[in-house]
Every structure is written in structure tokens, then in C-alpha cells.
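Examining the three-dimensional arrangement
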Amino acid sequence: MKTLDAAKRLNLATSTLRLWTRGEWKDYLSSTAQGGRRRDFTELDVRILQFIADEKAKNVPAEEIHIALRAMRSDEWKGLPQLPDSPAGEGPVSMIPREAAESRVEEMRKRYMREIAQLEDDIEELEHKLDTEREAHNDTRDRMQGELVKLEREAGELRGKLDTLAQQDTRQTRLWLAVIVGALLAAGGIGALVAFLLSSGG
């Protein structure tokens, strides 16, 4: 991989890349990456440089980066980041015949149309279910409101009957008391009335 390609992959300036490969990081790189008539980077070189760039971006001190690189080198470079992707538009472009491309596009269009039709059917079914549930909910609400009105009416009727009964009971009690008092007075006078009241607790 040439210097310009490696720089694009690493998102670094070519001058920075040349400085790193000639300076303090060169011992970790291949001989072709270090310079000469034709500088060439292997995938391992690019991964090592990516690690260095990542650590520098996190403001890790150079000595700590060296320690980490030496440890990874002794462990066959385990822990290095993956090879960076090529910048957009930089990768290889595969060419296919026009007819095959048009056929593929038509096939995808038909598939998407089928999927859209299925989704529209699903939406229609869900809307129908929603309408049905809404109608059932409205029916239940109307029925419950009717029952509530009926119960309130019956409760009102019972309150009226209770009031009437209480009034009738009061009148009947007064009437019976008058009869008893009259009878006692006729039979035994005031003494009999007093004895009746004392025996009844009043």
C-alpha cells in the first residue's frame, strides 16, 4: 500500500505518516514502510499506525504507547485494531452487465411492491380490528351508563319509599300513643298513665 493510500485509510497527512515511519515508531514497522526508494505499507503496518493514532487521539503518553506496542509485538500483535476501511468511493468498483443490473433492479422493485401490498393489507386488517374494538367499547360504555341511570333511579325510588315509611311510622306511633294515653286516662286516671310511662322507660 502506497503512502497516499495508507494516509487516506488512517485519515492522516502524508507528512505525518512519513515523520512517524522515520521517527520513534519505525522500529515497529516493516522495512518497506520505514522508507527507501519505494515506501510500501503492509496491512500490519497500517494496523500498528492506526493503534498509534487512536492512542494519540486519547492523549496517551508516548511511553505508554511504546509499552503497549512492545507487549503486543511479543504476543504476535494480538490486540491491534482491524484494518481501517477504504474511504468512501476509494474501494474497488465491481462492474456488471447492464441487462443483469436492470433485471436485478426489476426483481427488487417487484419484491418491494409485494412487501408494500402485504403491509397495506396488514394496516387495513389492524384498522378493522381497531374499529371493531372501538364499537364494542362504545357499546359496553353505553350499556354501563344505562345500567347506572337505572340503578340511580331505583335508589331514588327506594329513598322515597324509606322517607314515606318513616313518616307513616311516626304518625302511627303518635296515633297509638294517643289511644293508649286516652285509654289509661279513662281507665285509671293520671296514676295509671304515670305507671305506664315509668314501666316503658319514658
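This text follows the structure it describes.
Residues numbered from 1 in each chain as written. Predicted model: local features only at pLDDT ≥ 70, side-chain atom pairs only at ≥ 80, totals over all residues. Heavy atoms only, no water.

Helices and strands together make up the secondary structure of the protein, namely six helices and zero strands. Its helices and strands in sequence order give the protein the pattern α-α-α-α-α-α, from N to C terminus. Evaluated residue by residue, the protein yields a buried proportion of 16% over its 202 residues. Here the analysis covers contacts within the protein between residues at least 6 apart in sequence; of these, 51% occur between residues at least 24 apart. Accessible surface, the protein: about 15,600 Å² in total, of which carbon and sulfur atoms supply 55%. (Helix = DSSP H or I, 4+ residues; strand = E, 2+ residues; numbered from the N terminus. Buried < 20%, exposed > 50% of the residue type's maximum accessible area, 1.4 Å probe, protein only. Contact = heavy atoms within 4.5 Å. Areas by Shrake-Rupley, 256 points an atom, 1.4 Å probe, with all protein chains shown as cover.)

The next point concerns helix α1 (residues 3–10). Residue pairs spaced three or four apart in an α-helix point in one direction, given the helix's 3.6 residues per turn. Listed as buried for α1 are Thr3, Ala6, Ala7 and Leu10. Along the long axis of α1, the arc covered by the buried residues comes to 100 degrees, so they all point the same way. Asparagine 11 lies just past α1 and shows a positive phi near 60 degrees. (Arc of directions from axis to C-beta.)

This part takes up the side chain of aspartate 45. Within the fold, aspartate 45 resides in helix α4 (residues 43–57). The side chain of aspartate 45 is buried and forms no salt bridge, while arginine 39, the nearest opposite charge, is found at 9.3 Å. Side-chain polar atoms of aspartate 45 contact the side chain of serine 30, separated by 2.5 Å. Ignoring sequence-local partners within four residues, the contact set of aspartate 45 consists of Leu29, Ser30, Ala33 and Asp40. (Lys, Arg positive; Asp, Glu negative; His and termini not counted. Salt bridge = Lys/Arg side-chain N within 4 Å of Asp/Glu carboxyl O. Polar contact = N/O pair within 3.5 Å; in protein donor to acceptor, adjacent residues only side chain to side chain.)

With 21 residues, the main nonpolar core has Ile48, Leu49, Ile52 and Leu69 as its most contacted residues. At six residues, the largest contribution of residues to this core is made by α4. Those residues in contact with isoleucine 52 that sit more than four places away from it in its chain are Trp20, Trp25, Ile65 and Leu69. (Core = buried A, V, L, I, M, F, W, Y, C linked by side-chain atoms within 4.5 Å.)

Coordinates in, geometry out; function isn't part of it.
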